[in-house]
Amino acid sequence: MSDVPAFPPLMSGHPVDAGIDPFEKACAMAALGCDAGLIVHNIAANRLAAALVMAPEVPLEQAMAMLPLCGVGFQNALGALGPPEVAVHLEWAGGLRVNGASCGRMRAMASTSDATALPDWLVVGLEVPLLSVGHAPGERPDETALYDEGCADVDATELLEAWARHTLAWITRWEEDGPRALHTDWRGLAHGIGEDITCSGRTGTFLGVDENFGMLLRDDTKTHLIPLSSVLEKSS
């Protein structure tokens, strides 16, 4: 197939060279007023990186649902293309896990950090290592790469295209039907619920999330709410 990704209607592609971070480039283009639906991307021999520009019509804290939504889109995409035995799970802050080990991440940046404000733009980035570089498979048991997990036949361009399609389908569903279906699917893929974790300087049991995907963390005395917007990256 062509190495040039074909994206669905309402989306467009912008390839960048290997030395350019698609996420940083997408944030810069969004700040300059590019159209929503732009996917900045780079596919290298050892890594797939992409970033989707969005223009939310809801306050930032609600719009943060796009981070887990894009994660579910990735799981759907790899599930459609990869071997059925490959399991994808999603960390609350955006980390991706394949067969239990860390395998890339989602990340997000917005035009504002005010949770109640309507952001001019929101960018969600995807980074997935395709091949282990610098160490042998198994040397770091909590880190892996896609091709080390039985996905060597998955074409990276096809995976990017599938991520775009499944993500767009989820955005449409979220806009039309609300967040319930996304919550259900995400919870089935969530990593660490019911376990003791440390997040934002607090240690406790990860109970689940609220309606805006804020983390509910229970310590010895009370349940704390950690907003998902707390994981937003700051512009440099």
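Above this note sits the structure.
Residues numbered from 1 in each chain as written. Predicted model: local features only at pLDDT ≥ 70, side-chain atom pairs only at ≥ 80, totals over all residues. Heavy atoms only, no water.

**So, the environment of aspartate 185**
Next up, step 1: Its location among the elements puts aspartate 185 in helix H5 (residues 180-189).
Next up, step 2: According to the relative accessible area criterion, aspartate 185 is partly exposed, its value standing at 32%.
Next up, step 3: Here the alpha-carbon distance between aspartate 185 and cysteine 34, two residues 151 residues apart in the chain, equals 31 Å.
Next up, step 4: Those residues in contact with aspartate 185 that lie beyond four places of it in its chain are Val72 and Trp170. (Helix = DSSP H or I, 4+ residues; strand = E, 2+ residues; numbered from the N terminus. Buried < 20%, exposed > 50% of the residue type's maximum accessible area, 1.4 Å probe, protein only. Contact = heavy atoms within 4.5 Å.)

**Re a negative patch on the surface**
Next up, step 1: Among the surface-exposed residues, Glu57, Glu175, Glu176 and Asp177 lie close enough to one another that they form a single negatively charged patch.
Next up, step 2: Among the secondary structure elements, glutamate 176 is positioned in helix H4 (residues 156-177). (Patch = residues over 30% accessible without salt bridge, like charges linked within 9 Å, V, L, I, M, F, W, Y side chains within 5 Å. Areas by Shrake-Rupley, 256 points an atom, 1.4 Å probe, with all protein chains shown as cover. Salt bridge = Lys/Arg side-chain N within 4 Å of Asp/Glu carboxyl O. Lys, Arg positive; Asp, Glu negative; His and termini not counted. Charge placed at Lys NZ, Arg CZ, Asp CG, Glu CD.)

**Topic: the pairing of strand S1 (residues 12-15)**
Next up, step 1: Here 4 bridges tie S1 to strand S2 (residues 38-43), and the two strands are oriented parallel to one another. Paired with histidine 14 across the bridge in S2 is valine 40.
Next up, step 2: Chirality of the crossover, the property in question, places the unit of S1, helix H1 (residues 22-31) and S2 among those that are right-handed. (Pairing = 2+ DSSP bridges. Right-handed = clockwise from strand over helix to strand, strands pointing away.)

**Some points on the sheet that holds strand S11 (residues 223-226)**
Think of a sheet as strands paired side by side through backbone hydrogen bonds, with each pair either parallel or antiparallel.
Next up, step 1: Overall, antiparallel pairing links the 4 strands, which are arranged S8-S9-S10-S11 in an open sheet. Taken across any chain shown, the strands that pair with only one partner, and hence form the sheet edges, are strand S8 (196-199) and S11. Geometrically, the sheet is characterised by an average inter-axis angle of 50 degrees between neighbouring strands, direction not taken into account.
Next up, step 2: As paired strands, strand S10 (residues 215-218) and S11 are joined by 4 bridges and run antiparallel to one another. Bridge pairing links leucine 217 to histidine 224 in S11. (Axes fitted to C-alpha atoms, helices over the stretch in contact; angles between N-to-C directions.)

**Considerations on the sheet that holds strand S5 (residues 95-98)**
Next up, step 1: Ordered by their spatial adjacency, 7 strands build an open sheet running S1-S2-S3-S7-S6-S5-S4, and the pairing between neighbours is mixed. Of all the strands in the sheet, just S1 and strand S4 (88-90) have a single pairing partner and so form its edges. Averaged over neighbouring strand pairs, the angle between their axes works out to 20 degrees when direction is ignored.
Next up, step 2: By the bridge criterion, 3 bridges tie S4 to S5 in an arrangement that is antiparallel. Along S5, the bridge assignment pairs valine 88 with valine 98.

**So, the pattern of salt bridges**
Next up, step 1: For the coordinates displayed, the defined rule picks out 7 salt bridges.
Next up, step 2: Ionic pairing is found between glutamate 233 and arginine 105, a salt bridge with its closest N-O pair at 3.7 Å. Taken as a pair, glutamate 233 in the segment after S11 and arginine 105 in strand S6 (residues 101-110) lie far apart in primary sequence, 128 residues in all.
Next up, step 3: Between arginine 107 and glutamate 127 there is a salt bridge, with its nearest N and O atoms 2.7 Å apart. With arginine 107 in strand S6 and glutamate 127 in strand S7 (residues 122-129), this residue pair connects regions lying 20 residues apart in the sequence. Summarising the burial analysis for this pair, arginine 107 and glutamate 127 share the class buried.
Next up, step 4: Within the structure, one salt-bridge network assembled from shared partners comprises Asp21, Arg105, Arg107, Glu127 and Glu233.

**Regarding the pairing of S11**
Next up, step 1: In S11, alternate side chains face the same way, and those of His224 and Ile226 are buried while those of Thr223 and Leu225 on the opposite face are not.
Next up, step 2: Hairpin connection between S10 and S11: a loop of 4 residues separates the two successive antiparallel strands.

**A word on helix H3 (residues 66-81)**
Next up, step 1: Under the 1.5 Å per step criterion, the end-to-end length of H3 is 22 Å for 16 residues, consistent within 8% with the ideal 22 Å.
Next up, step 2: For H3, the complete set of buried residues consists of Met66, Leu67, Pro68, Leu69, Cys70, Gly71, Val72, Gly73, Phe74, Ala77 and Leu78. (Expected span 1.5 Å × (residues − 1).)

**Regarding the packing of H4 against H5**
Next up, step 1: Between H4 and H5, the shortest axis-to-axis distance is 8 Å and the interhelical angle comes to 130 degrees. Looking at the two axes, H4 sits oblique to H5. Residues Trp170, Arg173 and Trp174 of H4 form the contact with H5, whose own contacting residues are Ala181, Leu182 and Asp185.
Next up, step 2: The residue inventory of the contact of H4 with H5, partitioned by class, reads 4 nonpolar, no polar and 2 charged. (Parallel < 35°, antiparallel > 145°, perpendicular 65-115°, else oblique. Nonpolar A, V, L, I, M, F, W, Y, C, P; charged D, E, K, R; others polar.)

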